[in-house]
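# Structural features, examined
Letter by letter, the chains look like this.
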Amino acid sequence: MVIGFITLTMLSFKPSMIMLYILIAIAGGTTTGTQIVTNAYVSQYYPNEIRSTGVVWALGIGRIGGILAPTFCGILLDMKLSLQQRRFGSFRIISAT
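All of these numbers come straight from a predicted model, not from anything done at the bench.

Topologically, serine 43 is positioned in helix 2 (residues 17–45). There is a polar contact of 2.8 Å between the side chain of serine 43 and the backbone oxygen of alanine 40. Here serine 43 is in contact with Arg51 and Val55, once residues within four sequence places are set aside.

What follows is the structure, given as structure tokens:
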């Protein structure tokens, strides 16, 4: 999870094209791995009778974040803010969730 955060943060510093591809690959792998670990944790947390419901709710909440994050990023980009203001705004959005 920390590695994914670091690579996603490094994407905002205008890396070279090769570094961009490497960072995207690492970020994609770490976010996928985090989701798999979260599913395993949720399935152990709930009793057998409602386990599938708990996993589906956890996946649904994750989907909401997947929908809202690009929306908020698009709003930040549309506001024509400087790079520093966008970084600060994105960290405020992350900390609010």
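Applying the stated criterion across every chain yields a total of two aromatic pairs. Ring plane angle 85° and centroid distance 5.2 Å describe the contact between tyrosine 45 and tyrosine 46, whose orientation is recorded as edge-to-face. What makes tyrosine 45 exposed here is its relative accessible area of 57%. Judged by its relative accessible area of 28%, tyrosine 46 falls in the partly exposed class. One aromatic cluster is present, built from ring pairs that chain together Tyr41, Tyr45 and Tyr46.

As a further point, take the confidence of the model for the protein chain. Detailed reading of the predicted coordinates is not advisable wherever pLDDT is low. For the protein chain, the mean per-residue pLDDT works out to 80, and 88% of the residues sit at or above 70. Taken element by element, the predicted model of the protein chain shows its lowest mean pLDDT in helix 4 (residues 83–96) (66) and its highest in helix 2 (83).

Together, Val2, Ile3, Phe5, Ile6, Met10, Phe13, Ile18, Met19, Ile22 and Ile26 make up a nonpolar patch on the protein surface, roughly 940 Å² of accessible area in all. Looking at the nonpolar patch element by element, the count peaks at five residues for helix 1 (residues 2–10). With respect to the element layout, isoleucine 3 can be found in helix 1.

Contact pair helix 1 / helix 2: the axes reach a minimum separation of 9 Å and the direction vectors enclose 145°. The handedness of the crossing between helix 1 and helix 2 is left-handed. Contacts between helix 1 and helix 2 involve Ile3, Gly4, Thr7, Leu8 and Met10 from the former and Leu23, Ile26, Ala27 and Thr30 from the latter. Residues belonging to the contact of helix 1 with helix 2 are distributed by class as follows: six nonpolar, three polar and no charged.

Attention now moves to unusual backbone geometry. Negative phi characterises most residues that are not glycine, and trans characterises most peptide bonds. The phi dihedral of lysine 14 is positive, around 55°, even though this residue is not glycine. By the secondary structure assignment, lysine 14 is in the loop between helix 1 and helix 2.

Another aspect to go through is the environment of serine 43. Residue serine 43 is classed as buried on the basis of its relative accessible area of 16%. Sequence separation of serine 43 and threonine 53 is 10 residues, and the distance between their C-alpha atoms is 9.5 Å.

Cut-offs applied
Residues numbered from 1 in each chain as written. Predicted model: local features only at pLDDT ≥ 70, side-chain atom pairs only at ≥ 80, totals over all residues. Heavy atoms only, no water. Helix = DSSP H or I, 4+ residues; strand = E, 2+ residues; numbered from the N terminus. Polar contact = N/O pair within 3.5 Å; in protein donor to acceptor, adjacent residues only side chain to side chain. Contact = heavy atoms within 4.5 Å. Phe/Tyr/Trp six-rings, centres within 6.5 Å; stacked < 30°, edge-to-face > 60°. Buried < 20%, exposed > 50% of the residue type's maximum accessible area, 1.4 Å probe, protein only. pLDDT = per-residue confidence, 0-100. Patch = residues over 30% accessible without salt bridge, like charges linked within 9 Å, V, L, I, M, F, W, Y side chains within 5 Å. Areas by Shrake-Rupley, 256 points an atom, 1.4 Å probe, with all protein chains shown as cover. Salt bridge = Lys/Arg side-chain N within 4 Å of Asp/Glu carboxyl O. Axes fitted to C-alpha atoms, helices over the stretch in contact; angles between N-to-C directions. Left-handed = near helix turned anticlockwise from the far one by under 90°. Nonpolar A, V, L, I, M, F, W, Y, C, P; charged D, E, K, R; others polar.

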